[in-house]
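These are the residues of each chain, in order.
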Amino acid sequence: MPRVLFHVGWMCIILCYGGGGGFAEETVLPQGDARASLVSSHFPDRTHEFVWRNWNAVEPAKIAKILNASVEEITALAKSMGLPLVATVPTEQRQRGYITLIRRNWHLLPYEQLLELLEMTPEQLALTLREDDFLWVKLGQLKPKCKPLSYNRPDETARRRAAEIRRVVEADFGEEICLRAEPRFDFVRQLSKPLPLFTLSKVEEESPVSLRLVHSYVAVYGDPLMNPQLDPYPQGLHERLSAVGVNGVWLHALLREISPGGETFPEFGADHERRLVNLQAMVEQAKKYGISIYLYMNEPRAMPDSFFKNRVEMGGVREAGYTALCTSHPAVRKWMSDALAYVFRQVPDLGGVYVITASENLTNCASHGNWRACPHCQARSDTDIITEVVAVIEEGVHRGNPKANVLVSDWGWKGHGDARDIIAGLPKSIWLMSVSEWAKSIKRGGIETKVGEYSISAVGPGPRALQHWISAKRAGLKTAGEIQFNNTCEIASLPYLPVMDLVGEHISNLASAKINGMLIGWTMGGYPSPNFQLAQQLNRNPPPNLDTVLGALARKRFGTEGAPHVRKAWTLMSDAFRQYPFHISVVYNSPVQIGPANALYPTKTDYSATMWGIPYDDLAGWCGPYPPEVLAAQFEKMVEGWQRGIAELQVAVEKTPPDQRDEAQADLRFARAAAINFQSVANQICFILARDAFAKPSNALSSEQRIRLWLEIKRCLESEIVLARQLFTLTREDSRIGFEPSCQYFYLPLDLVEKVINCRWLLGYFEYAMAAYTH
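Residues numbered from 1 in each chain as written. Predicted model: local features only at pLDDT ≥ 70, side-chain atom pairs only at ≥ 80, totals over all residues. Heavy atoms only, no water.

1. Considering the side chain of T610
Considering the arrangement of structural elements, one finds T610 in the loop between α21 (584-589) and α22 (619-623). A polar contact of 2.5 Å, which involves the side chain of T610, links it to the backbone oxygen of K138. Filtering out sequence-adjacent residues up to four positions away, T610 remains in contact with V137, K138, L139, G140, Y588, N589 and Y616. (Helix = DSSP H or I, 4+ residues; strand = E, 2+ residues; numbered from the N terminus. Polar contact = N/O pair within 3.5 Å; in protein donor to acceptor, adjacent residues only side chain to side chain. Contact = heavy atoms within 4.5 Å.)

2. Focus on the pattern of salt bridges
If you walk through the whole model with that rule in mind, you get 47 salt bridges. The residue E720 makes a salt bridge to K755 at a minimum N-O spacing of 2.6 Å. Placement of the pair is E720 in helix α25 (residues 703-733) and K755 in helix α26 (residues 749-774), with a sequence separation of 35 residues. The same class applies to E720 and to K755, which are both buried. (Salt bridge = Lys/Arg side-chain N within 4 Å of Asp/Glu carboxyl O. Buried < 20%, exposed > 50% of the residue type's maximum accessible area, 1.4 Å probe, protein only.)

3. Comments concerning the side chain of R706
Assignment of secondary structure puts R706 in helix α25. Buried R706, no salt bridge; nearest opposite-charge side chain is E704, N-O distance 9.8 Å. Reaching out from R706, the side chain makes a polar contact with the backbone oxygen of F694 at a distance of 2.7 Å. If we ignore the near neighbours within four places in the chain, the residues touching R706 are F694, K696, P697, S698, L701, M770 and Y773. (Lys, Arg positive; Asp, Glu negative; His and termini not counted.)

4. Observations regarding the sheet that holds strand β8 (residues 322-325)
The strand order across the open sheet formed by 3 strands is β6-β8-β7, and the pairing between neighbours is antiparallel. With partners counted over all chains shown, the strands left at the sheet margins are β6 (303-304) and β7 (315-319), one partner each. (Pairing = 2+ DSSP bridges.)

5. Remarks on the packing of helix α24 (residues 661-694) against α25
Contact pair α24 / α25: the axes reach a minimum separation of 8 Å and the direction vectors enclose 155°. Classified by the angle their axes make, α24 and α25 are roughly antiparallel. For α24 against α25, the interelement crossing comes out left-handed. For the contact of α24 with α25, the residue count by class is 15 nonpolar, 7 polar and 8 charged. (Axes fitted to C-alpha atoms, helices over the stretch in contact; angles between N-to-C directions. Parallel < 35°, antiparallel > 145°, perpendicular 65-115°, else oblique. Left-handed = near helix turned anticlockwise from the far one by under 90°. Nonpolar A, V, L, I, M, F, W, Y, C, P; charged D, E, K, R; others polar.)

6. Details of helix α3 (residues 71-80)
When we look at burial in α3, the residues that qualify are I74, L77 and A78. Summarising the axial view, the buried residues of α3 lie within an arc of 100°, below the 170-degree limit, and thus occupy one face. Count one or two residues on from α3 and you reach G82, which has phi positive near 85°. (Arc of directions from axis to C-beta.)

7. What about the sheet that holds strand β9 (residues 352-356)?
Spatially, the 8 strands close up into a barrel ordered β3-β4-β5-β9-β10-β11-β14-β15, and their pairing is parallel. Mean inter-strand twist for the sheet, computed between neighbouring axes without regard to direction, equals 25°. Pairing between strand β14 (residues 478-482) and strand β15 (residues 517-519): 3 bridges, direction parallel. Counterpart to A480 in the pairing with β15 is G517.

8. Concerning the packing of helix α9 (residues 156-173) against α26
Contact geometry for α9 and α26: axes closest at 10 Å, N-to-C directions at 115°. In terms of orientation, α9 lies roughly perpendicular with respect to α26. The two elements α9 and α26 cross, and the hand of that crossing is right-handed. Residues R161, I165, V168, V169, D172 and F173 of α9 pack against L752, V753, V756, I757, R760 and W761 of α26. When grouped by side-chain class, the residues that make up the contact of α9 with α26 number 9 nonpolar, no polar and 3 charged.

9. Quick notes on the environment of P627
Its location among the elements puts P627 in the loop between α22 and α23 (628-655). Linking P627 and G445, residues 182 residues apart in sequence, is a C-alpha distance of 9.7 Å.

10. Here we look at the packing of aromatic side chains
Counted by the stated rule, this structure contains 42 aromatic pairs. Arranged with centres 5.9 Å apart and planes meeting at 90°, the rings of W612 and F746 form a pair that is edge-to-face. With W612 in the loop between α21 and α22 and F746 in the loop between β17 (744-745) and α26, this residue pair connects regions lying 134 residues apart in the sequence. Ring pairs connect the aromatic residues F185, F187, Y217, Y496, Y527, F670, F739 and Y745, which therefore count as one cluster. (Phe/Tyr/Trp six-rings, centres within 6.5 Å; stacked < 30°, edge-to-face > 60°.)

11. A look at the pairing of strand β4 (residues 248-252)
Counting buried residues in β4 gives 5 out of 5 residues, a clear majority hidden from the surface. A two-sided burial pattern is seen for β4, the buried positions comprising G248, W250 and H252 on one face and V249 and L251 on the other. Where strand β3 (residues 211-215) meets β4, 3 bridges bridge the pair, whose relative direction is parallel. Residue V214 lies in a different strand from β4, and its bridge partner there is V249. Where β4 lies against strand β5 (residues 292-297), 5 bridges are found, and the strand directions are parallel. Within β5, the residue paired with L251 across the bridge is L295.

Purely geometric stuff here, so don't read any function into it on its own.
Take a look at the structure:
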C-alpha cells in the first residue's frame, strides 16, 4: 500500500446514512476540485468509449441498461469497433473487480450511473473511496464532471470513425483479439486449488527469524470479514505459503467493526458478532497449516465531525470533515483497550496485531504531526502520545490473550526521522518493526537521493532501521524488518521480479542485524513465489553461502541444463535493476505500474498524476529530483541490461524439463512485462517532451527543429504500438499481469488494444499538424 500523509477534501452531496460501523453519520460522495472530464479523441464519442472500456468487464445487458439501449444496439456498437462479439465476464471479476471498474469509468460516468454500474449504494461507495486503501487519493482527490451517458444511434461521422477503429484492430491484432484469454482473477482459482502433495513442515529451528508475515495475494482489501465467500486465505494458498516458509498472514480490520462500543460508543459494533465468527473460522483454517492471522490496525480511526456533536470533549485534531478520537481522553483509551481485549478473548488463537500509529489514516492526534492543534494534546509531546497509544493497544491485546504478539511499526514516527525516544518508552513485550532500506543513500543517473519507500533496487538495511533496531534491543524489545522480496512500488503490477541476487544480498545483509521477524509482503508482495523460497533457504543459522543457495534454487526450478542460464539472467536483471531511478514521485506517480496501457494525449491535460492510480501526462509529477531526460535515460539503461537477462532466461526456459516449464515460462513472462513497462516509461517521457516542444508557435521553431520533433513523436508512438501489442499477448496469457491486490487490475487486455488505437490516431493528428506547418 503506497503511503503518504494527506488531507482529503469531501464535499457534502449525500447526508445521513447507516453505514460502516452501523451508526448514522453525515457522509458524502466526494467531489474535490471537480473539473471537466477528459475526452479520448480516438473514439467517436463517450458512448463508444464507455462500451469499449467495459467490454469483457461488464455484462452487455448491464451496459445496455445504463445507456438505456438494447443489448442488440450495444452489441452492434461493439462490433462496429472490432470488439469480439462474445463479451465474457468471469464470476470472480464481477465479485472482486469493483476498483478496476471505478478507475476505468472515473472520467466517463457521473456518480449516479457509476453507482448503477457498481450496484452500490451511495454510502457503500463513499466508504469504499475512503477505506479501500485510500482509493480517493489514488483517484486524485477529485471527481471529474461527467454528463450522464445515453445511447443515440451513431451518425455518419461516428460510424466512419468506428470503422477506422475496426480496421486498426483487425490489422494490428488479427484473430488474436477473438481468442479466449485466461480469465481475469483466474489466479484465485489456481491458488485456491490444494497442492497434490502437501506435508506441513515444522518451523525451521535453525532459522533466526521466527516470524515471516505477508498479506494475501487474493484478498479483497475492504471488509473481508463480512464476505467469507471471498475467502482471503483459501486452502491452496495456505499450503503454498506454508511451503515457502510463511507462518503469519495479516488482515485489514477496523476495531469499531469487530467489537462493541459499550456505553461510550453505542453506535459501534454492528455485525461484529458475524465478523468474529468468520474471523474465528479463518484462524482455525490457517492454524492447520502452521500459519497465524494478525489483524492490521490503525486505531482509533477518525470519525465524521457530526459524531462529536454530543462528545466535544473527545474530539481531537480535525482534517477535512473528520475528527480524531483524542486518546488524551480516558474514555477513548478505555474503549480501545476493552475492544481489543474482547476480540482476543473471542478469537483466542489470533497471532496478534500489526499496528501502524502514524499512517495515512488520521488516528491519534500525533498521527499526522499536528497534535498541537488539539486543545487536549497541545501541551504533550508526540512521543508521549504515540507511546501511550501503543501501551493501550498492548494492554488490551495481552489482557485478552497474553501470548499474542504486538507488532508495532515505526512508520511515520517523527516524520520518518529519528524516533529513538519513542522506542525507549514502548512496552517491553512488543516487537519494533522498521522498513529495512529506509533512508539509504543512493545515486542514480548522477542524482543523489535517499530511499523513502520499500525498494528492491536499493539493498538494505539502511541507517534508520539499523539505528532503531539497536535502540529497541537495548530497550529489551524484539525486532522485525518490513521488507519486500517479491516486488515494491517500483513495479507492483507483477507478482514478483526475477532479481534473486538483490533479494539474496538483502537477506544476507540482515544476518548481522539479528532481527526476530520479517514482514515480507505488503499488499503487493504476498504471492507464494521463488523469491520467498530463496528467503526461506537463506534464513538459517549459521547463514549459508548465497551463491550455493542461488545455484540450488536455479537447479530446482529450471533443471540442471537451464540452471546456469537462469543464474546469469538473475544477475543481469539484478544489476540492471540497480539503475532504477528511485524516488517517491517516480514509484507513486509515473506510469511504471501501467506501462503502455497509459493513454497519450495530443495536448496537455493539466491533470495531476495520482498516487498509484492515474499517471495522466503529468511529467513534472513523475520525475521528482530527476530531470526528464535523465529519468528517461535511466529507464532505458535499465531496459538494456534487463533485455540481456531476458535472453539468458529464454535459453533457460528452453532447457527446462517439460514438467517444470510452466513455472519457468511464467518467470519469463513477468520479466518481459517488466521490460515493456520500463521502456514505455521512457517512451512516454520522450513523447511528452517532444509534444510540448512541438506545440510552440511557428515562429519559435525552425523547420529543421519541428521535423526533428515530429520524428521523435513518431518514434515514440511507433514504439508504444509495438510494446502494447507485446503486452497484450502476455496479459492474455496470464491473469496475474497488471494486478495488485489493493488496486486490483491497473489495466485489462483491451486497454492495450485501445493504446494502439490511441497511438494510430495520434500519428494521424501530428502528421496533419506537420503538414499544416509545412504549408
